[in-house]
Amino acid sequence: MKREIPPHYRDPINEIQDKHHSVGISLRSILIGAVLALLLNVMDVYATTIIRGSYLTLNFSTPAALFFFFFLVLAGCVIHWLRLPLALNQAELITIYFMLLVACCIPGMGFTQFIIPALVGSTYYATPENNWDDTYNRYIPEWMIPRGENVARHFFEGLPEGASIPWGAWVLPLSYWYGFFLALSLAMICTMVILRKQWVDREKLAYPLAQLPMDMIQNGKSEAIGKSFFTNKAMWLGFAFSFILLSINGLHAYYPEVPVINRNVFFPLFRDTVKLDLWFSPPWIGFFYFVNLDISASIWVFYIVTTIQRGIFNMVGFQSTERMDLYSREPYIAHQGMGAMIVFVLVGLWVARGHLKEVFKTAFQNDSQTDDTGEILSYRQAIVGLATSLMVVTVGLWMAGLPPMGAIMFVFGSMILFLGLTRVVAEGGIPAMRPPIMTSTFVISGAGSSSLGAPGLVALGFSYGWHSEIRSFVMSSVANGLKMCEAIKGSKRRLFWAIIIAILVSLAGSSYMTMVLAYKYGGINLNGLFFGWGAATYGPKDMVPRIASDLTGPRLDSWAFMAIGGSVMGLLMWVRHYFLWWPLNPLGYAISANWKTGHIFGSALLAWLFKLMILKYGGAKLYRNLRPFFLGLILGEVVAAGSWLVIDYITGHVGSFLTQI
């Protein structure tokens, strides 16, 4: 629910006004975007698997896309200076960046590097002691994982000399999982096409994560694209601050005598049972600078309130005995957060009911006043695509072992979380976030493990491969990309195929690189997050104890706390709508039960304080003049993190994790 606020408090994206260049989507830009998306995925898999430095595709902020885009726009400035007829126009640059945004969602924790090890992890790590073969592996459908002698062993231990990768064993399972992922991605794309006009035109969400790339490609009537950005002294000042700050820690990784700069300050509460972690991150402060004050305030206020609630529960011993997933903390707080997220999304859809009605009239009637020619799909295509893809995803979960009602409940819960987090990113500029609870736990608590059975629990175990971290997914990238596409004149229909191409080449590049590195070096010698204690074993470690114990029914206490969280969210949204003086946005409560909010709330607090002082004492003029400095804070750390990965590759240095942007 969006409330109008004074113009000088808003942070609208500067629209690009270049009618001569931003026309249509060229095939050249799609080709360049596809090549860069492929390179991004190949290089990112190598960086996270072998170098094990900073993760650049982990979060919604997509620093890998910004890193590539920085050098692409910079190269365009050089080409313009040399007067070569090769410079890319703004529409082409937006198309390429859009494809890079989507490409960031595929490797790492997005999909391939989690799902591939998960397909063979339960068989390789099964022992007589953990009894995974009897309690987990025997319920896996024959076609769903690669089978064959030594397929899993060679994946984790490396191929013998002269042996080749057993591609044949992977064809059927990867066909299923990649088809499943493509259907899920199509559902996300169609959802954003349907909601784009509501969020962009009617509610005018800020889309803070799109500010930097859009500012990078501004141009005047006669100057090169990006010239005004790259010649701004305030931008380079912020850039230098972040770049030097991170580079000091980079030097420490090579030379321990160089002091490390610690960005964390801990404030223990309730006799050290809970703590506040004030994490200073220049790029996150930069993102939050472009967020409305009520939103940034709500992030840190509601997180502190929820932390106090957590501390009180710990002190009085009010704890649930429910077994939770590997990501959630206190069960009651987690379910409370899920209830808040459900109401946050459903009320948002209710607010958009007028627009949704127009969308359906445009799709299936001829009397609608809404025009869909500016979308990347027609509304009819989007609605049919959404319904079909969700049906495919539901059937895919049923084929994996979930009973029909469990599959429907999982699809509902996962789409709630995808849509809720995307809204949080688009409106609140959240650079890093994850859900308050995994959908698998939501289904187990809500439906009961007895209604799912062992095959259903095993199917949920494999959801760790594609729906565990969800700190970067296609829907959020498409939302930001569609906002940027406002600057493109003419038909945008080719953008849909550009997105699909970006997904396909990313799947191919990241999958190939993951398989080659695993079979060459042995997964057990690589990054444990993917091949060891992490993705390869998350599923059985969570589900085997559930299967081995007595299967239970729905938990009424979990439903009760979901109701509490939903009721509080409903009250906050009602107050927000009817009382203009209310200073907090319900968005902050939607993510307050999330442990990841503990990482970002300190930066939100500092950005809120900086912006408040700037607006109070310098007004809108000072706020606008300082925009480039805060954009530089973001870009400086992105370029520094990417540069240190390049240095690590050249020197062969391993394990110098510097930042999480």
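What counts and what doesn't
- Residues numbered from 1 in each chain as written.
- Predicted model: local features only at pLDDT ≥ 70, side-chain atom pairs only at ≥ 80, totals over all residues.
- Heavy atoms only, no water.
- Helix = DSSP H or I, 4+ residues; strand = E, 2+ residues; numbered from the N terminus.
- Rg over C-alpha atoms; globule rule 2.2 N^0.38 Å.
- Buried < 20%, exposed > 50% of the residue type's maximum accessible area, 1.4 Å probe, protein only.
- Contact = heavy atoms within 4.5 Å.
- Expected span 1.5 Å × (residues − 1).
- Bend = angle between axes of the 7 residues up to and from the residue.
- Salt bridge = Lys/Arg side-chain N within 4 Å of Asp/Glu carboxyl O.
- Pairing = 2+ DSSP bridges.
- Phe/Tyr/Trp six-rings, centres within 6.5 Å; stacked < 30°, edge-to-face > 60°.
- Axes fitted to C-alpha atoms, helices over the stretch in contact; angles between N-to-C directions.
- Parallel < 35°, antiparallel > 145°, perpendicular 65-115°, else oblique.
- Left-handed = near helix turned anticlockwise from the far one by under 90°.
- Nonpolar A, V, L, I, M, F, W, Y, C, P; charged D, E, K, R; others polar.
- Core = buried A, V, L, I, M, F, W, Y, C linked by side-chain atoms within 4.5 Å.
- Patch = residues over 30% accessible without salt bridge, like charges linked within 9 Å, V, L, I, M, F, W, Y side chains within 5 Å.
- Areas by Shrake-Rupley, 256 points an atom, 1.4 Å probe, with all protein chains shown as cover.
- Disulfide = S-S within 2.5 Å.
- pLDDT = per-residue confidence, 0-100.

Participant: What should I look at first to understand the overall build of the protein in this one?
Facilitator: Across its full length, the protein carries 26 helices and two strands. Rg of the C-alpha trace for the protein: 24 Å, near the compact-globule value of 26 Å for 661 residues, within the 12% margin. For the protein, the C-alpha atoms occupy an extent of roughly 70 × 65 × 65 Å along the three principal directions. For the protein, with 661 residues in total, the buried portion stands at 62%. Across the protein, contacts joining residues at least 24 apart in sequence account for 83% of those joining residues at least 6 apart.

Participant: How do you make sense of helix α7 (residues 167–202) when you look at a structure like this?
Facilitator: The periodicity of an α-helix, 3.6 residues per turn, causes residues three or four positions apart to be oriented the same way. The end-to-end C-alpha distance of α7 is 50 Å, a good match for the 52 Å that 36 residues give at a rise of 1.5 Å each. The largest bend along α7 measures about 50° and falls at Leu 195. Count one or two residues on from α7 and you reach Lys 204, which has phi positive near 55°.

Participant: Honestly, unusual backbone geometry in this entry has me stumped. Any pointers?
Facilitator: One can expect most non-glycine residues to show negative phi and most peptide bonds to be in trans. In this structure, Thr 62 takes a positive phi of about 40° despite not being glycine. Note on placement: Thr 62 falls in the loop between α1 (27–51) and α2 (63–81). Classification of Thr 62 by relative accessible area gives buried; the value is 2%. Not every positive phi belongs to a glycine, and Asn 131 is a case in point at roughly 60°. Mapped onto the fold, Asn 131 is located in the loop between α4 (112–124) and α5 (132–135). On the basis of relative accessible area, Asn 131 is assigned to the partly exposed category, the value being 30%.

Participant: What exactly am I supposed to notice about the side chain of Ser 296 here?
Facilitator: Along the polypeptide, Ser 296 turns up in helix α12 (residues 293–316). Leave out the neighbours within four places in its chain, and Ser 296 touches Val 291, Ala 604 and Trp 608.

Participant: What should I look at first to understand the pattern of salt bridges in this one?
Facilitator: Oppositely charged side chains may form a pair once their charged atoms are brought near each other. For the structure shown, the criterion picks out 19 salt bridges. The partner of Arg 196 in a salt bridge is Glu 375, and the shortest N-O contact between them spans 2.9 Å. Of this pair, Arg 196 sits in helix α7 while Glu 375 sits in the loop between α14 (353–364) and α15 (379–400); the two residues are 179 residues apart in sequence, bridging distant segments of the chain. One exposure class covers both Arg 196 and Glu 375, and it is buried. Across the pair Glu 637 and Arg 263 runs a salt bridge, and its minimum N-O distance is 3.1 Å. You can see Glu 637 sitting in helix α26 (residues 619–651) and its partner Arg 263 sitting in the loop between α10 (233–254) and β1 (264–269), a full 374 residues away along the chain. Considered together, Glu 637 and Arg 263 belong to a single accessibility category, that of buried residues. Via salt bridges that share partners, Arg 196, Asp 201 and Glu 375 belong to a single interconnected network.

Participant: How do you make sense of the pairing of β1 when you look at a structure like this?
Facilitator: Each regular strand displays side chains that alternate between the two surfaces of the sheet. When β1 meets strand β2 (residues 274–279), the two strands line up antiparallel, connected through six bridges. The residue of β2 that forms the bridge with Asn 264 is Trp 279.

Participant: Sorry, what's going on with the packing of aromatic side chains here?
Facilitator: The description of two aromatic rings rests on the distance between their centres and on the angle between their planes. In this structure the tally under the stated criterion is 58 aromatic pairs. Ring geometry for Tyr 176 and Trp 177: centres 4.9 Å apart, planes at 75°, overall edge-to-face. Looking at Tyr 176, the relative accessible area reads 13%, which means it is buried. The buried category is assigned to Trp 177, whose relative accessible area is 2%.

Participant: What should I look at first to understand the side chain of Thr 57 in this one?
Facilitator: With respect to the helices and strands, Thr 57 occurs in the loop between α1 and α2. Judged by its relative accessible area of 6%, Thr 57 is buried. Not counting the four nearest positions on each side in its chain, Thr 57 is found in contact with Leu 40, Asp 44, Ala 64, Cys 104, Pro 107 and Ser 472.

Participant: Which parts of the structure should I look at to understand the environment of Tyr 332?
Facilitator: Looking at where Tyr 332 falls in the secondary structure, it is placed in helix α13 (residues 331–351). In the structure, Tyr 332 is positioned 257 residues away from Ala 75 in sequence and 52 Å away in space, judged by C-alpha atoms. Once residues within four sequence positions are removed from consideration, Tyr 332 is found in contact with Phe 313, Phe 318, Gln 319, Ser 320, Asp 557 and Phe 561.

Participant: Can you walk me through the packing of α4 against α7 in this structure?
Facilitator: For any two helices packed against each other, the geometry comes down to the angle between their axes and how far apart the axes lie. For the pair α4 and α7, interaxial distance at closest approach is 12 Å and the crossing angle is 135°. Regarding the angle of α4 to α7, the classification is oblique. Here the hand of the crossing between α4 and α7 comes out right-handed. Contacts between α4 and α7 involve Thr 112, Ile 115, Ile 116, Leu 119 and Val 120 from the first element and Trp 170, Leu 174, Trp 177 and Tyr 178 from the second. Class assignment of the residues belonging to the contact of α4 with α7 gives a composition of eight nonpolar, one polar and no charged.

Participant: Can you walk me through the nonpolar core in this structure?
Facilitator: Most often, soluble globular proteins have nonpolar side chains that are buried together. Membership of the largest hydrophobic core comes to 223 residues, with the highest contact counts inside it found for Phe 155, Trp 170, Trp 177 and Ile 189. Looking at this core, the element that brings in the most residues is α7, giving 19 residues. When residues no more than four places from it in sequence are discounted, the contact partners of Phe 155 are Ile 116, Pro 117, Val 120, Trp 170, Met 515, Ala 518, Tyr 519, Gly 522, Gly 523 and Phe 531. Membership of the second largest hydrophobic core comes to five residues, among which are Phe 313, Tyr 332, Ile 333 and Ala 593.

Participant: It is not clear to me how helix α22 (residues 535–548) should be interpreted in this structure. Could you clarify?
Facilitator: Counting buried positions along α22 gives eleven out of 14 residues, so the element sits mostly inside the fold. Buried within α22 are the following residues: Ala 535, Ala 536, Thr 537, Tyr 538, Gly 539, Pro 540, Asp 542, Met 543, Val 544, Arg 546 and Ile 547. Of the surrounding elements, those touching the buried residues of α22 are α4, α5, α6 (151–157), α17 (439–447), α18 (449–462) and α21 (528–531).

Participant: Which parts of the structure should I look at to understand the packing of α7 against α15?
Facilitator: For the pair α7 and α15, interaxial distance at closest approach is 8 Å and the crossing angle is 145°. Both α7 and α15 take part in a crossing whose hand is left-handed.

Participant: Got a minute to help me understand a nonpolar patch on the surface in this structure?
Facilitator: Side chains of Val 78, Trp 81, Leu 82, Leu 84 and Leu 86 sit close together on the surface and give an oily, nonpolar patch of about 540 Å² of accessible area. Here Leu 84 shows up in the loop between α2 and α3 (90–103).

Participant: What is the right way to read the environment of Arg 627 from this model?
Facilitator: Relative to the helices and strands, Arg 627 resides in helix α26. Judged by relative accessible area, Arg 627 falls into the buried class, the value being 8%. Each C-alpha atom, one on Arg 627 and one on Gly 238, is 10.0 Å from the other, the two residues being 389 residues apart in sequence.

Participant: Teacher, can you tell me more about the state of the cysteines here?
Facilitator: Note: disulfide means a covalent bond formed between the sulfur atoms of two cysteine side chains. For the structure on display, the rule yields zero disulfides. Of all cysteine sulfurs, the one in Cys 105 lies closest to Cys 485, which takes part in no disulfide; the gap is 15 Å.

Participant: Is there a simple way to think about the confidence of the model for the protein in this case?
Facilitator: Regions with low pLDDT should not have their predicted coordinates read in detail. On average, residues of the protein carry a pLDDT of 93, and 96% of them reach 70 or more. Low pLDDT, under 50, characterises residues 1–21; the stretch is placed with 55 contacts to residues that sit more than four places away or in other chains.

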